[in-house]
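The primary structure of each chain is shown beneath.
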Amino acid sequence: MYAQGLPGLVVLLLVTSLLAGHPALPAGPPALWSSSGSPSSCRLSRTESELRCRVPGGKLCSDRGRCECGVCICQVTESGKYYGPLCECHDWVCETYDGKICAGHGKCDCGKCKCDEGWYGEACQYPTTCNLTRKKSNEMCKNSQDIICSGAGTCQCGRCKCANSEGNGLVYGKFCECDDRECIDDETEEICSGHGKCYCGNCYCEAGWHGDKCEFQCDITPWEIKKRCTSPDGKICSNRGTCVCGECTCHDVDPTGDWGDIHGDTCECDERNCKEVYDRYSDDFCSGHGQCNCGRCDCKEGWIGKKCEHPRSCPLSVEESAKKCQGNSNLPCSGRGK
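Residues numbered from 1 in each chain as written. Predicted model: local features only at pLDDT ≥ 70, side-chain atom pairs only at ≥ 80, totals over all residues. Heavy atoms only, no water.

A. View of the pattern of salt bridges. Scanning all chains against the criterion turns up eight salt bridges. Between K142 and E139 there is a salt bridge; the shortest N-O distance is 3.1 Å. The exposure class assigned to K142 is partly exposed, which follows from its relative accessible area of 25%. With a relative accessible area of 44%, E139 lands in the partly exposed category. (Salt bridge = Lys/Arg side-chain N within 4 Å of Asp/Glu carboxyl O. Buried < 20%, exposed > 50% of the residue type's maximum accessible area, 1.4 Å probe, protein only.)

B. Geometry of the side chain of S287. Checked against the element boundaries, S287 lands in the loop between β22 (269–270) and β23 (290–293). A polar side-chain atom of S287 sits 2.7 Å from the main-chain carbonyl oxygen of K307. Leave out the neighbours within four places in its chain, and S287 touches C274, E276, K307, C308 and E309. (Helix = DSSP H or I, 4+ residues; strand = E, 2+ residues; numbered from the N terminus. Polar contact = N/O pair within 3.5 Å; in protein donor to acceptor, adjacent residues only side chain to side chain. Contact = heavy atoms within 4.5 Å.)

C. Representation of the side chain of E271 within the structure. Considering the arrangement of structural elements, one finds E271 in the loop between β22 and β23. Of note is the side chain of E271, whose polar atom sits 3.3 Å from the backbone nitrogen of G295.

D. Quick peek at the state of the cysteines. Throughout the structure, instances matching the rule amount to 22 disulfides. In this model, C299 is linked to C308 through a disulfide, with the two sulfur atoms separated by 2.1 Å. Linking C299 and C308, the disulfide has an S-S dihedral of approximately -95° and is accordingly described as left-handed. We classify C308 as buried; its relative accessible area is 0%. (Disulfide = S-S within 2.5 Å.)

E. Here's a closer look at the pairing of strand β1 (residues 65–68). Strand direction decides the pairing type here: β1 and strand β2 (residues 71–74), joined by four bridges, are antiparallel. Across the sheet, the residue bridging to G65 is C74, located in β2. The loop that links β1 with its antiparallel partner β2 comprises two residues; one of these, C69, has a positive phi angle of about 55°. (Pairing = 2+ DSSP bridges.)

F. Focus on the nonpolar core. By size, the foremost hydrophobic cluster in this structure holds eight residues: C141, C149, A152, C155, C160, C162, V171 and C176. Excluding residues that lie within four positions of it along the chain, C149 makes contacts with C141, T154, C155, C160, F175 and C176. (Core = buried A, V, L, I, M, F, W, Y, C linked by side-chain atoms within 4.5 Å.)

G. Highlighting the environment of K275. With respect to the helices, strands and loops of the structure, K275 is situated in the loop between β22 and β23. By relative accessible area, which is 3% here, K275 ends up buried. Along the chain, K275 and K306 lie 31 residues apart, while their C-alpha atoms are 9.8 Å from each other.

H. View of the packing of aromatic side chains. If you walk through the whole model with that rule in mind, you get two aromatic pairs. Note on Y120 and Y126: the rings are 5.4 Å apart at their centroids and 45° apart in plane angle, and the pair reads as tilted. Where Y199 meets Y204, the ring centres are 5.7 Å apart and the plane angle is 65°; that geometry is what we call edge-to-face. Grouping residues by exposure puts Y199 and Y204 together as exposed. (Phe/Tyr/Trp six-rings, centres within 6.5 Å; stacked < 30°, edge-to-face > 60°.)

I. Fine view of the pairing of strand β19 (residues 241–244). Pairing geometry for β19 and strand β20 (residues 247–250), over four bridges, is antiparallel. Pairing of G241 across the sheet is with C250, part of β20. Following β19, the chain reverses through two residues before pairing antiparallel with β20; C245 in that reversal takes a positive phi of roughly 55°.

J. Layout of the confidence of the model for the protein chain. Looking at the protein chain, pLDDT values average 77 and 72% of them are 70 or higher. Ranking the elements of the protein chain by mean pLDDT puts helix α1 (residues 2–21) last, at 38, and helix α3 (residues 134–140) first, at 94. When the criterion is pLDDT under 50, residues 1–38 qualifies, and its contacts beyond four places in sequence or with other chains add up to 18 contacts. (pLDDT = per-residue confidence, 0-100.)

Right under this line is the structure:
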């Protein structure tokens, strides 16, 4: 009996020894892998391998990893983690509501919210039972203009349900205030013409492209664009404007759109600095005693000060001057000046 069991024992020892020497052999069909754990001896053709790694939409490993012998090796490139047979899962792509993933009433599972009991919706934002009156519910759904769900959705127990009849999710926001349909180019029907990203209905274009829908291409390099828009202090459009294809569009203070107080090739001039008290409708530059030159006052003869507010020689007596400075206080300049 002992002799009959010996061969089995020898086989068992050999297998144990082999496994101990290769603790990290990959899982999966052994025929696809070499003894070294490398896919270099893969028996699949490139086409067969990529077919196994390709998601229904046509992307290899969801564009989140590389394909090795029909197996996706996920590559993390941002916060969170990728996983799944085709790297299709990413815990950070779940819907949010009011700044919280799954509204704080569920858990993110492979990009979709699994709601807690008593909650439903793509972001678990809707309660299954509502204890609010219709009036109170509607009040909670009004935006800053007192419009319920910005006129782009319906109110569900104090929470807006945005109108997305096509299921594309282009209308969103706490009050349905964001409408990314505004970013769709009429001709190409692409978001921002395929040359930018849409955030709350506004296109943010890639370098070299501009326009409301990123439909126009610049004829100069991104480096030249930055160079032309950089102000003498090293800021893009002096932090007072937007660089569009090498030209600064200044943030005009005048809401009518007329020529305003901020101007210059790189928005370096700010005429507001020439006014004692800023009033967009006032022409009282440099206290009426000077000329405003790119935000700096060139004072007339006889006047000094950053805004030409002080006369060089005073026609008043010392007593008259002190009386004017006294105001309603017993102290000259309320004790805070001279």
